[in-house]
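# Results of the structural survey
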Amino acid sequence: MLVPNKIKLSNYVLDKMAIAFQFDGHRPFWNKKLQDKMHKFMLESNGIGLAAPQVGISFRFFCMDLENGGDPHYCFNPEILSSSEETVTMDEGCLSFPDEILTITRAENIVVKYFDYEGNQIDTQFSGLHSVCFQHELDHLNGIVFHERVTK
Ligand SMILES: [Zn+2]
């Protein structure tokens, strides 16, 4: 699969489970290209997170950057290993649904792992807005959109 020249929003695979990356020695160039193009598009769109399925690419990758270029995280095959019982409730937006803001409760702290574009494993934890953003983007990789997370 080629990284598209022009990254654009698409709802075509939003409800699909995205495919895991295989770091087989051929992908790093493709992975780096995907991460850079998606990050650029996300910044131009004034987003703080963007998952590959939002741009029609059904692979397990998302980027998040809460400081518009100052704090990028590029997450291949991300997983949440544990979540705190403490929760945080925030108003969330989504580039795929630009006219909607939804109030959602999620775990405040999460322990995660993911891989960089070369397949090196990163173990870390996130809290607050970083945690919320990570959970929102990971949902996209599992075909879940934020309407399904609204606090009842
Ligand atoms: Zn979203």
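Residues numbered from 1 in each chain as written. Predicted model: local features only at pLDDT ≥ 70, side-chain atom pairs only at ≥ 80, totals over all residues.

## Some points on the sheet that holds strand 1 (residues 49-51)
The antiparallel open sheet is built from five strands, whose spatial order is 1-2-3-6-7. Of all strands in the sheet, those bounded by a partner on one side alone are strand 1 and strand 7 (121-127). Neighbour-to-neighbour, the strand axes of the sheet open up by a mean angle of 40 degrees, direction not taken into account. With five bridges connecting them, strand 3 (residues 72-83) and strand 6 (residues 109-115) associate as antiparallel partners. Each residue of the ladder has a partner; that of E79, found in strand 6, is K113. (Pairing = 2+ DSSP bridges. Helix = DSSP H or I, 4+ residues; strand = E, 2+ residues; numbered from the N terminus. Axes fitted to C-alpha atoms, helices over the stretch in contact; angles between N-to-C directions.)

## Considerations on helix 1 (residues 28-44)
Here helix 1 spans 24 Å end to end across 17 residues, near enough to the 24 Å set by a 1.5 Å rise per residue. Listed as buried for helix 1 are N31, L34, Q35, M38 and M42. The arc that holds every buried residue of helix 1, seen down its axis, measures 95 degrees, which confines them to one face. Opposite the buried face of helix 1, at more than 90 degrees from it, the exposed residues are F29 and E44. Packed against the buried residues of helix 1 are strand 1, strand 2 (61-65) and strand 3. A positive backbone phi angle near 60 degrees is found at N46, which sits one or two residues after helix 1. (Expected span 1.5 Å × (residues − 1). Buried ≥ 20, exposed ≤ 12 C-beta atoms within 10 Å, placed from the backbone. Arc of directions from axis to C-beta. Contact = placed C-beta atoms within 7 Å.)

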